[in-house]
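Below, each chain spelled out in residue letters.
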Amino acid sequence: MNKPRSLYIHIPFCEKICDYCDFTKLQYFRKFAIPYLDTLEKELKSYEIEALKTIYVGGGTPTALEDDLFEKLLKIVYAYTKGVKEYTIEANPESLSLNKIKMLKKYGVTRISLGVQTTNDKILSAINRDHSFSQVKEAINNLKENGLDNINVDLILGLPHSSAKILKEDIKNILDLGVKHISCYGLTVNPHTVLYNKGFKEPEGDTLRKYYDIVNEILTNNGFVHYEVSNWAKPGYESKHNLAYWRNHHYYGCGLGASGYIDKVRYKNTINLDKYLEGNFVNEKENVYKKDKLVYQIMLNLRTNEGIDIKYLKDKEEAVNALIGEGLLVRKENRIISTYEGMMILDQIILKLL
Ligand code: SF4
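None of these values were measured; they are calculated from a predicted model.

Draft legend 1. Spatial organisation of the nonpolar core. One finds Ile11, Leu65 and Leu104 to be the most contacted residues of the largest nonpolar core, which totals 85 residues. Here this core takes 6 residues from helix α2 (residues 67–78), the largest share from any one element. Of the residues that make up this core, three or more belong to each of domain 1 (6–245) and domain 2 (290–354). Residues within four places of Leu65 in sequence aside, it is in contact with Ile11, Phe13, Tyr28, Ala33, Leu37, Phe70, Leu73 and Lys100.

Structure representation (structure tokens):
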């Protein structure tokens, strides 16, 4: 078996629920967080995890945990950090206190992914985010002063009341803070979210494309590399953990609703807290046979600027050549790589290849 070298851990708690949120999340209550962490520890021990290269603790909002529980989480994860090259934790600006930052440093966290979404305070409050831009600045300055400068900022494109002008301000404001990595995702408005019930719509395809073009132009002019459809990084600061997903590597997924890929099986954990606390972790399993592996390989590899080894496309030469002719793919030595244009319509490329 090819043992996973990456571990994802999901902390589902949030202090306040954002209007657009469709992730696996729960309102934070201490009485749920305590048994949750105990159960998470058991789940981690149920796998024979060793020699990890990357760890990613996401959510929800890991920093929503109170200080003592946050430290408990870090202590649980610490058991797996030996030899790890990248250890990321997601944080929200309002709950990333100086005390928590010092804990991150103490327990070996190397990278922070900060949920910012926009730097426009009016929009932040309109979508029920719990922070302002001044808290973002404070959090980033505190991180840097404490030696944590490998910082990602998440932004959402096409939020209600946003515009190209506001997006340009967002990018400028974030660049001024000297972060190394920026992720931008188009707004999705899923049923059951407050945004959906308020009648808000996702940005139209043309508008979203315009927003991506704005982001890409400003960031690449400022030394960032567009290394994945929705991700830009200063050279050397690409997310090693996420690259493991896009390279179609195996990974453990622990926690409520987490997904994993171990020994040719992709699985998804339950999103039911009671079931999780009872120890019924895995809810769905998918055997990844050779043919499915190829589908994942193509879908995931073409997302990044590393592209895919041509050996996986040997019976698709005609389609590949046509896509190269259209300027959507390029060939570099033994790899086929999406161009920027290609990344913008990746779903269509994948359809043609499959
Ligand atoms: S902080 Fe993140 S996970 Fe929590 S409600 Fe907001 S978007 Fe959802």
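Draft legend 2. Region of the structure containing a positive patch on the surface. On the surface, a cluster of positive charge is made up of Arg5, Lys53, Lys85 and Lys240. Residue Lys53 is classed as partly exposed on the basis of its relative accessible area of 41%.

Draft legend 3. Quick look at the environment of Asn150. Here Asn150 is to be found in the loop between α5 (133–145) and β7 (151–157). On the accessibility criterion, Asn150 (16% relative accessible area) is buried. For the pair Asn150 and Glu238, spaced 88 residues apart in sequence, the C-alpha to C-alpha distance is 9.9 Å. Not counting the four nearest positions on each side in its chain, Asn150 is found in contact with Thr110, Arg111, Ile112, Lys180 and Tyr237.

Draft legend 4. Inspection of the pairing of strand β9 (residues 225–228) at higher detail. Examined bridge by bridge, β9 and strand β10 (residues 231–233) share 3 bridges and lie antiparallel to one another. Residue Val225 lies in a different strand from β10, and its bridge partner there is Ala233. Counted between consecutive antiparallel strands, the loop separating β9 from β10 contains 2 residues.

Cut-offs and rules
- Residues numbered from 1 in each chain as written.
- Predicted model: local features only at pLDDT ≥ 70, side-chain atom pairs only at ≥ 80, totals over all residues.
- Heavy atoms only, no water.
- Core = buried A, V, L, I, M, F, W, Y, C linked by side-chain atoms within 4.5 Å.
- Buried < 20%, exposed > 50% of the residue type's maximum accessible area, 1.4 Å probe, protein only.
- Helix = DSSP H or I, 4+ residues; strand = E, 2+ residues; numbered from the N terminus.
- Domains from an automatic or database assignment.
- Contact = heavy atoms within 4.5 Å.
- Patch = residues over 30% accessible without salt bridge, like charges linked within 9 Å, V, L, I, M, F, W, Y side chains within 5 Å.
- Areas by Shrake-Rupley, 256 points an atom, 1.4 Å probe, with all protein chains shown as cover.
- Salt bridge = Lys/Arg side-chain N within 4 Å of Asp/Glu carboxyl O.
- Lys, Arg positive; Asp, Glu negative; His and termini not counted.
- Charge placed at Lys NZ, Arg CZ, Asp CG, Glu CD.
- Pairing = 2+ DSSP bridges.

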